[in-house]
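# Reading the structure
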Amino acid sequence: MSVFMIVSALMSGALVGALLGLFGGGGSVLATPLLLYVVGVHDPHVAIGTSAAAVAVNAGLNLVGHGRGGRVKWPCATVFAGAGLIGSFLGSTLAKAVDGQGLLLWFAFAMAAIALSMMRRPRSQGDPLVHISPALMLKLAPLGVLTGLAAGFFGIGGGFLIVPGLMAATGMTLVNATASSLLSVSLFGAATSLNYAASGLINWPVAGLFILGGLAGGALGVRGAGLLAGRALLARRMFATLVLLVAAYVAFRAALH
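Owing to the predicted nature of the structure, the values given are computational and were not obtained by experimental measurement. (Residues numbered from 1 in each chain as written. Predicted model: local features only at pLDDT ≥ 70, side-chain atom pairs only at ≥ 80, totals over all residues. Heavy atoms only, no water.)

Scanning the chain from N- to C-terminus turns up ten helices and zero strands. When burial is assessed residue by residue, the chain has 55% of its 257 residues classed as buried. Contacts in the chain between residues at least 24 apart in sequence constitute 85% of all its contacts with a sequence separation of at least 6. Here the chain displays about 10,900 Å² of accessible surface, and carbon together with sulfur accounts for 72% of that area. (Helix = DSSP H or I, 4+ residues; strand = E, 2+ residues; numbered from the N terminus. Buried < 20%, exposed > 50% of the residue type's maximum accessible area, 1.4 Å probe, protein only. Contact = heavy atoms within 4.5 Å. Areas by Shrake-Rupley, 256 points an atom, 1.4 Å probe, with all protein chains shown as cover.)

Shown next, in the form of structure tokens:
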């Protein structure tokens, strides 16, 4: 790898790590575009597989920080993530059979959907004392499977579905849902990357650099999440605007091919 590729992989990883720490799963959506258009990974499938591996590790590390801060609702997060593993394997298997540029077009549409979902204001502030129950488990498990399917297909953490899904099913707060979503992001990313790795579609040196950069970025992001707890919606809307712009660029580049 060239010096530029090494530095850009480290910096891109730091940016994604920081966004994951701040916004949970939605922060992972820029990983694939960064690998394609900044780092210089040419194959869309390799970019998706590599980003899934890196995001899985970075999300897991950020999860530890949020867990120490007491923001993760572990029982709800575990039910959701466990059910979604099945969907993530199915989704990533389907994605490998789709043409790379066609997959990027779908990815751009997913990015736009992510951005729009992040701009919505929650209907209520949520219940910070929510607890798991059999009724909640029946709501969480089906949502987990569907979210895992989307996450596996697009090679993203799926946080844009996980966060509102957790809030709708359990009534937890946005801060708790953002933190709790990282368990699903980590497990879905691991399942997707293992599926891509079985087909030789991961650039491991780039993934390692991405993860290394994400260590520093994630630490800053987790700290920032605590500071922005009162302005989480404003911060998410600003990030969503950036995602919309990147989605338009990805769609344009894919259409050119």
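Summarising the element assignment, Thr-173 is placed in the loop between helix 7 (159–170) and helix 8 (174–197). The exposure class assigned to Thr-173 is buried, which follows from its relative accessible area of 14%.

Attention now moves to a nonpolar patch on the surface. Taken together, the side chains of Met-1, Val-3, Ile-6, Val-7 and Met-11 present a nonpolar region at the surface, about 500 Å² in accessible area. Mapping Met-1 onto the fold places it in the segment before helix 1 (3–23). Since its relative accessible area comes to 53%, Met-1 is described here as exposed. (Patch = residues over 30% accessible without salt bridge, like charges linked within 9 Å, V, L, I, M, F, W, Y side chains within 5 Å. Salt bridge = Lys/Arg side-chain N within 4 Å of Asp/Glu carboxyl O.)

What follows is about the packing of helix 4 (residues 74–96) against helix 8. Between helix 4 and helix 8, whose axes approach to 8 Å, the crossing angle comes to 30°. By the angle between their directions, the pair helix 4 and helix 8 is classed as roughly parallel. Every pair of crossing elements has a handedness; the one defined by helix 4 and helix 8 is right-handed. Every residue of helix 8 that contacts helix 4 at Ala-77, Thr-78, Phe-80, Ala-81, Gly-84, Leu-85, Ser-88, Phe-89, Ser-92, Thr-93, Ala-95 and Lys-96 is listed here: Ser-180, Leu-183, Ser-184, Leu-187, Phe-188, Ala-191, Thr-192, Asn-195 and Tyr-196. When the residues that make up the contact of helix 4 with helix 8 are grouped by side-chain class, the tally is eleven nonpolar, nine polar and one charged. (Axes fitted to C-alpha atoms, helices over the stretch in contact; angles between N-to-C directions. Parallel < 35°, antiparallel > 145°, perpendicular 65-115°, else oblique. Left-handed = near helix turned anticlockwise from the far one by under 90°. Nonpolar A, V, L, I, M, F, W, Y, C, P; charged D, E, K, R; others polar.)

The next subject is helix 2 (residues 31–39). Most of helix 2 is tucked away: seven of the nine residues are buried. Taken residue by residue, helix 2 has Ala-31, Thr-32, Pro-33, Leu-34, Leu-35, Leu-36 and Val-39 as its buried positions. One or two residues past the end of helix 2 sits Gly-40, with phi positive at roughly 105°.

What follows covers the environment of Ala-81. Take Ala-81: it is sitting in helix 4. Taking the C-alpha atoms as reference points, Ala-81 and Val-145, separated by 64 residues in sequence, lie 8.4 Å from one another. With sequence-adjacent residues up to four places away left out, Ala-81 is seen in contact with Leu-183, Ser-184, Leu-187 and Phe-188.

Positionally, Gly-100 belongs in helix 5 (residues 100–119). Using a relative accessible area of 10% as the deciding quantity, one classes Gly-100 as buried. Discounting chain neighbours no more than four positions away, the residues touching Gly-100 are Pro-44 and His-45.

This next bit is on the side chain of Ser-180. Tracing the sequence through the fold places Ser-180 in helix 8. A relative accessible area of 0% means that Ser-180 is categorised as buried. In this structure the side chain of Ser-180 is engaged in a polar contact, spanning 2.7 Å, whose partner is the backbone oxygen of Asn-176. Residues in contact with Ser-180, not counting those within four places in the same chain, are Arg-71, Val-72, Lys-73, Ala-77, Leu-166 and Met-172. (Polar contact = N/O pair within 3.5 Å; in protein donor to acceptor, adjacent residues only side chain to side chain.)

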